[in-house]
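# Reading the structure
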Amino acid sequence: MRIIACYKYVLDEQDLKINPENKTLATDRAAWKISDYDRNAIEEAVRIKEQLGATVVALTAGPAQAKASLKDALARGSDEGIFIQEDALRGADPAVTARILARAIEKIGDCDLVFCGEGASDDYAQQVGPRLAVLLGWPVVTYVNRTQLEGSLLKAERKLDNGMELVEIELPTVVTVTGDINVPRIPSLKQIMSAGKKPMQTWTLADLGITPDQIVSNLRNESVKGAVVERKRQIFKGDPVETVSQVVAALIKEGTI
Amino acid sequence: MQKKFWVISEQGELLAEMINGVKLLGSDAAVIAAALGCERAAKIAAGAGAGKIYYFKLNEGAPVEAAYTRLAQLIKDEGADLVLVAATRRGKTLAALLAAELDAGLASEAKIEEFGDGSVKTSRFVYGGLAISTDTFVSGIPIVSIPPRTWERPALVETESPAITEIACDPGRVRVVGQKSRESSTVNLEEAEVVVTIGRGVKNREDLAMFEELAGLLGGVTACTRPVAEEEGYRWFPEDSYIGISGRAVKPKLYISIGSSGQIQHLAGCRDAKVLVGIDKNEDAPIFESSDYGIVGDLYQVVPELIKQIKAAK
Ligand SMILES: Cc1cc2nc3c(=O)[nH]c(=O)nc-3n(C[C@H](O)[C@H](O)[C@H](O)COP(=O)(O)OP(=O)(O)OC[C@H]3O[C@@H](n4cnc5c(N)ncnc54)[C@H](O)[C@@H]3O)c2cc1C
Ligand SMILES: Nc1ncnc2c1ncn2[C@@H]1O[C@H](COP(=O)(O)O)[C@@H](O)[C@H]1O
């Protein structure tokens, strides 16, 4: 069995700062990370491998710096890493991403199960999983917080707005996972060291037979602007009786309480 | 030519809300409603003023999303200038399936900023709510998923005219074999004037009484961060009562955050609070960057003191 875990390498939103003059995002100091729920996607694939035996391929597409993520994905238990390098993918439409990933999955071939996160931490579009399924001609099960594989039958629990839905599906299928499906392992030093020895490949769009006209989006981005609310930031510390009385006084003065 | 707007949902209330919203967009477009798997929703859409109504009848054991292939076909046949899908989890999945099937763009959980001559401009949060991305559809059918409560919800009326057309769906390959409904929040968070929110800094479930007391004193309600609703070991609140980008949005006069670090995904849900008070023992917690008033201290000392002093002030 071959399982593919799709992950996006994203800027850590906690490191992003907003330029006060023009509200643009300052990204130069921000670290990159494997998107939060994609760590759950990798973990779920690796857990199935550990229980039932499988090969886990970690797959990501992105600009050049995303290559550095492969080692992390492999340290988390994946067996192989595939990176599709394309600079135009920075800030790309999930429709375009899905088109590229679908081709890559077809090229990898012989896959039974594709895991994605419910949504990426940066755009949280929640589109790539379902779109991939349509392009592959597969079904999809989204927002899954429990999986159980019996032969080629996948039993899954979906977490929806008003409760759980239990579903069954024959492989192959795409599955998108929630953040509470599992607790992603933190790679040990040994796992980190051995990750460098696992097979990694870098493909280009040309390797996938994708031409530039095939990655054109239906949407044009106009701007990405900071949206943080300015607050007073009067911070009190020290004796609780004192700090509380200052805050209570301020709230009374404002007419808030 | 008159424009065609589609509104799509499995819930009647959300169809009614979107039909209302389309009117607010100021367009005289014809509204076509697709009610997925729920006949009552179709009648509500009729009552809310849709011009044409389709009821997608699901096969036994098929999830709502299985409607997407027939829906895509119908949209292709009839044409569409704008397709709105209510952004429940099912709706978001359906919207993405539909968009892929129609080779169309999709703005997820977005707001419509402009609807002009063939151009649709949307805005949506990215980076957990830290920033807003504005995008314009330049080709294909524009599809937008709309967060519930974007627009005023009209009083619901069920009618049977105009006539409701029933559509048979493909069964799809996913089989629904069970359902577990869950406890849902009975608190009207959206209208609350005071919201007291707790995060993982709270140690025990029994401590909740203290926060209830504080909220009660201020005439408010309690809520929580996502992990407190969802994570193993917590699950102290119904899952639909956490505040944040993937949860509820509130706009109280006073928001008190206790034992929550104040990550952007959480703060996105209380950006409209008039006054924000943060309480955390870690003075470097991001909550203090986003507080009007902050208290650095152990919540087990600060909160009882707060209760005491508010009582005294009354
Ligand atoms: C795509 C995505 C969407 C998300 N959506 C949401 C969302 O909608 N809502 C949401 O809430 N989260 C959301 N999250 C999760 C979010 O990023 C944070 O992980 C979460 O909000 C943290 O919850 P917390 O503040 O309760 O816990 P923590 O970050 O662990 O904070 C606990 C705080 O308690 C303090 N503390 C501990 N003990 C004490 C004490 N005795 N006294 C005082 N303070 C104490 C600590 O110093 C710490 O700052 C999302 C994440 C992702 C990736
Ligand atoms: N560039 C990418 N490379 C690989 N997987 C991706 C990429 N972008 C998104 N995904 C996957 O698709 C999921 C949903 O992404 P999105 O639709 O952008 O919210 C993510 O959680 C990943 O599993």
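Here is a short report on the structure shown in this document. Keep in mind the model is a prediction, meaning the values are calculated, not measured.

We now examine the packing of helix H1 (residues 12-24) of chain B against helix H2 (residues 39-48) of chain B. Residue and element names in this part refer to chain B. Relative orientation of the contacting elements H1 and H2 amounts to 25 degrees, with a least axis distance of 8 Å. The angle between H1 and H2 places the two elements in the roughly parallel class. The hand of the H1/H2 crossing is right-handed. Taking contact as the criterion, the partners of Gly12, Glu13, Leu15, Ala16, Ile19 and Lys23 in H1 are, on H2, Arg40, Ala41, Ile44, Ala45 and Ala48.

It is worth spelling out the site of ligand 2 at this point. Residues and elements named next belong to chain A. Around ligand 2 there are 19 residues in total, and Cys6, Asp38, Ala61, Ala120 and Gln127 lie nearest to it. The separation between a nitrogen atom of ligand 2 and a polar main-chain atom of Tyr7 is 3.2 Å. The fraction of the free accessible surface of ligand 2 (490 Å²) that becomes covered by protein chains is 98%. Sorting the residues of the shell around ligand 2 by element identifies strand E6 (55-62), helix H3 (94-108) and strand E8 (113-117) as the ones contributing at least two each. Among the elements that take part in the shell around ligand 2, E6 stands out by supplying three residues, more than any other. Split into classes, the residues belonging to the shell around ligand 2 amount to 10 nonpolar, six polar and three charged.

Before going further, it helps to spend a moment on the site of ligand 1. Close to ligand 1 lie 29 residues, the nearest being B:Arg200, B:Thr225, B:Ser246, B:Ser261 and B:Asp280. Taken together, the residues near ligand 1 originate from chains A and B. Within the contact set of ligand 1, an oxygen atom lies 2.7 Å away from a side-chain nitrogen or oxygen of B:Thr225. The contact in question runs from an oxygen atom of ligand 1 to an N or O atom on the side chain of B:Asp280, over 2.7 Å. Across the complex, the protein chains shield 87% of the 1,000 Å² of accessible surface that ligand 1 would expose by itself. In terms of residue class, the shell around ligand 1 is built from eight nonpolar, 14 polar and seven charged.

Taken as a whole and judged by the stated rule, the model has four aromatic pairs over all chains. Across the ring face of A:Trp203, the terminal group of A:Lys107 is positioned such that the distance to the ring centre comes to 4.9 Å.

Criteria and thresholds
- Residues numbered from 1 in each chain as written.
- Chains lettered and ligands numbered in written order.
- Predicted model: local features only at pLDDT ≥ 70, side-chain atom pairs only at ≥ 80, totals over all residues.
- Heavy atoms only, no water.
- Axes fitted to C-alpha atoms, helices over the stretch in contact; angles between N-to-C directions.
- Helix = DSSP H or I, 4+ residues; strand = E, 2+ residues; numbered from the N terminus.
- Parallel < 35°, antiparallel > 145°, perpendicular 65-115°, else oblique.
- Left-handed = near helix turned anticlockwise from the far one by under 90°.
- Contact = heavy atoms within 4.5 Å.
- Near = heavy atom within 4 Å.
- Polar contact = N/O pair within 3.5 Å; in protein donor to acceptor, adjacent residues only side chain to side chain.
- Areas by Shrake-Rupley, 256 points an atom, 1.4 Å probe, with all protein chains shown as cover.
- Nonpolar A, V, L, I, M, F, W, Y, C, P; charged D, E, K, R; others polar.
- Phe/Tyr/Trp six-rings, centres within 6.5 Å; stacked < 30°, edge-to-face > 60°.
- Lys NZ or Arg CZ within 6 Å of the ring centre and 35° of its normal.

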